[in-house]
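Summary of the model geometry
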Amino acid sequence: MVSVSRIRLGVFLLLGTVAVVLAAGFSLFFGSTDIPASEVLAALFSPDLSNQQQVAIIELRGPRTLGCILVGAAFAVAGAIMQGITRNPLADSGLLGINAGAAFALALCLALAPAMSFSAVVLCSFMGAAFALVIVYGVISFRRRSVDPVLLVLAGCAVSLFLTALAQGVAIFFNIGYSLTFWTAGGVAGIRSEQLLLAGPWIVLALIGACVLARRVGILSLGDEAAQGLGLKVGTSRTLCLICVLILAGAAVALAGPVAFVGLMVPHVVKVFVGSDYRSIIPASIVGGAVFMLLADVLSRTLTPPTEIPIGLIFAIIGVPFFIWCTRREASGLD
């Protein structure tokens, strides 16, 4: 007999997939520049490479739309995993310093090797994310049997501020402030097909891995002692989950910069529809993250045409009140 949670997840994924398709359509048809719908359809089904408008759809809006789907899903799932394994509903890859670590590595790339290939940039992004996470987790877990969720977020914020300051120092010293600002503001305008071919497979593989690890994330969310009592190898499982988060956050930051709050908001929103089982939350976050990122990108292009609003600003305007609401709710729960 199919459980109620499975039915809810199936309905959510079905409706969510429809929403992704519709949002992707908005992303292709609407932008800072008006392109007739007939040209968009022609570019999708019978492209004419001599037509500049159709080329813009193929080379600019198409990769941007697919990039939104991948980046949104990556950040959302990374946040869901971090919230589960740390047992902290305020955690995501950004709040734990992972995004800042990847951005710091990108700043070094821009300063020391501006002609570096994108594949090398992705690798540096992974290394920066790993560096930040090792510092945060190492400091908190040093001489401790378990990880304190509150201290983990505090350490993550401290490391994030530290790495952000280092990145800004690199920008001042090497005079790359404009390029770094483009990355730290967050955006998908610069995504191209070549970049998707390099970073996209890593994100897809990590998303599949996250779905496979969803049961372990759910058990880890019960606490280390409970997880051990259920026969789970806590250290191995947490390491696998963190590797998955590193790949997702590192690749997403390399594509779009350190877009904040996606990983915080999306898991909370999908919980309302699919419940608190991470076997449902993680696949639902894939769809939810894609929809959030697509809609935010459409807003960034259409609110003040022909200029664009950084997508990171849109998420900050929505995410900061959401973060405050989550904090107040958790504080009320603790009281």
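Quick note: structure is the one above.
Computed from a prediction, not measured in an experiment: that's the story for all the values here. (Residues numbered from 1 in each chain as written. Predicted model: local features only at pLDDT ≥ 70, side-chain atom pairs only at ≥ 80, totals over all residues. Heavy atoms only, no water.)

This part covers the overall build of the protein chain. Counting its regular elements, the protein chain contains 14 helices and zero strands. Mapped from its N terminus to its C terminus, the protein chain presents α and β elements in the order α-α-α-α-α-α-α-α-α-α-α-α-α-α. Computed over its C-alpha atoms, the radius of gyration of the protein chain comes to 20 Å, within 12% of the 20 Å expected for a compact globule of 335 residues. A principal-axis box enclosing the C-alpha atoms of the protein chain has dimensions of 65 × 60 × 35 Å. With 335 residues in all, the protein chain has 50% of them scored as buried. Within the protein chain, counting contacts between residues at least 6 apart in sequence, those at least 24 apart form 75% of the total. For the protein chain, the exposed surface amounts to about 15,900 Å²; the carbon and sulfur share of it is 69%. (Helix = DSSP H or I, 4+ residues; strand = E, 2+ residues; numbered from the N terminus. Rg over C-alpha atoms; globule rule 2.2 N^0.38 Å. Buried < 20%, exposed > 50% of the residue type's maximum accessible area, 1.4 Å probe, protein only. Contact = heavy atoms within 4.5 Å. Areas by Shrake-Rupley, 256 points an atom, 1.4 Å probe, with all protein chains shown as cover.)

So, on to the packing of helix α3 (residues 52-86) against helix α13 (residues 278-302). Interaxial distance between α3 and α13 falls to 7 Å at its minimum, and their mutual angle equals 140°. Considering their axes alone, α3 and α13 lie oblique with respect to each other. Along this stretch, α3 crosses α13, giving a crossing that reads as right-handed. Looking at side-chain class alone, the contact of α3 with α13 contains 16 nonpolar, seven polar and four charged residues. (Axes fitted to C-alpha atoms, helices over the stretch in contact; angles between N-to-C directions. Parallel < 35°, antiparallel > 145°, perpendicular 65-115°, else oblique. Left-handed = near helix turned anticlockwise from the far one by under 90°. Nonpolar A, V, L, I, M, F, W, Y, C, P; charged D, E, K, R; others polar.)

Quick look at the layout of surface pockets now. The volume enclosed by the largest pocket comes to roughly 520 Å³. If you go around the largest pocket, you meet 23 residues; those closest to its centre are G94, A100, S160, T164 and P258. Only α4 (98-112), α6 (149-174) and α7 (177-185) provide two or more residues apiece to the lining of the largest pocket. In terms of residue count, α6 provides more of the lining of the largest pocket than any other element does, eight residues in total. (1 Å grid on protein atoms, 1.4 Å probe; cavity = no way out; pocket = protein on both sides within 12 Å on 5 of 7 lines; lining within 4 Å. Points joined across faces, edges and corners; volume = space filled by probe spheres on them.)

Take helix α12 (residues 262-274) next. With 13 residues, α12 ought to run about 18 Å at 1.5 Å a step, and its terminal C-alpha atoms sit 18 Å apart, in line with that. What α12 keeps buried is the set V262, G263, L264, M265, V266, P267, H268, V270 and V274. Positive backbone phi, at 90°, marks G275, one or two positions downstream of α12. (Expected span 1.5 Å × (residues − 1).)

Glancing now at helix α2 (residues 37-45). Within α2, burial applies to E39, V40, A42 and A43. Here the buried residues of α2 occupy an arc of 165° about the axis, which is enough to place them on one side. Along α2, the residues that are exposed and aim more than 90 degrees away from the buried face are S38 and F45. Close packing links the buried residues of α2 with α1 (4-29) and α3. (Arc of directions from axis to C-beta.)

Residue placement: Q54 occurs in helix α3. Setting aside anything within four residues of it in sequence, one finds Q54 in contact with E39, A42, A43, S46, P47 and D48.

This paragraph deals with the nonpolar core. Judged by nonpolar contacts, the single largest core of 101 residues is most densely connected at I81, L248, I282 and M293. Per-element accounting of this core gives the leading share, 15 residues, to helix α11 (residues 234-256). Those residues in contact with I282 that lie beyond four places of it in its chain are V77, A80, I81, A210, C211, A214 and V217. Grouped together as the second largest cluster of nonpolar side chains are five residues, L28, I35, A43 and I57 included. (Core = buried A, V, L, I, M, F, W, Y, C linked by side-chain atoms within 4.5 Å.)

Together, L14, V18, L22, F26, F30 and L295 make up an exposed nonpolar region whose accessible area comes to about 590 Å². No other element matches α1, which puts four residues into the nonpolar patch. Looking at the element boundaries, L14 is found in helix α1. Relative accessible area serves as the criterion here: at 58%, L14 is assigned to the exposed category. (Patch = residues over 30% accessible without salt bridge, like charges linked within 9 Å, V, L, I, M, F, W, Y side chains within 5 Å. Salt bridge = Lys/Arg side-chain N within 4 Å of Asp/Glu carboxyl O.)

Locating A290 in the fold gives a position in helix α13. Between the C-alpha atoms of A290 and V245, which are 45 residues apart in sequence, the distance is 17 Å. Ignoring sequence-local partners within four residues, the contact set of A290 consists of V20, C68, I69, G72 and A73.

To continue, consider the pattern of salt bridges. Counted under the stated rule, the structure contains five salt bridges. Connected through salt bridges with shared partners, the residues R64, D297, R301 and E308 form a single ionic network.

Counted under the stated rule, the structure contains five aromatic pairs. Seen from their ring centres, F126 and W202 are 6.0 Å apart, and the 70° between their planes marks the pair as edge-to-face. Of this pair, F126 sits in helix α5 (residues 118-141) while W202 sits in helix α8 (residues 193-212), and the two are 76 residues apart along the sequence. Taking the relative accessible area as the measure of exposure, F126 reaches 16% and is therefore buried. When its relative accessible area of 44% is taken as the criterion, W202 is described as partly exposed. Seen in terms of ring centroids, F173 and F174 are 5.0 Å apart; in terms of plane orientation they differ by 75°. Their pairing is edge-to-face. (Phe/Tyr/Trp six-rings, centres within 6.5 Å; stacked < 30°, edge-to-face > 60°.)

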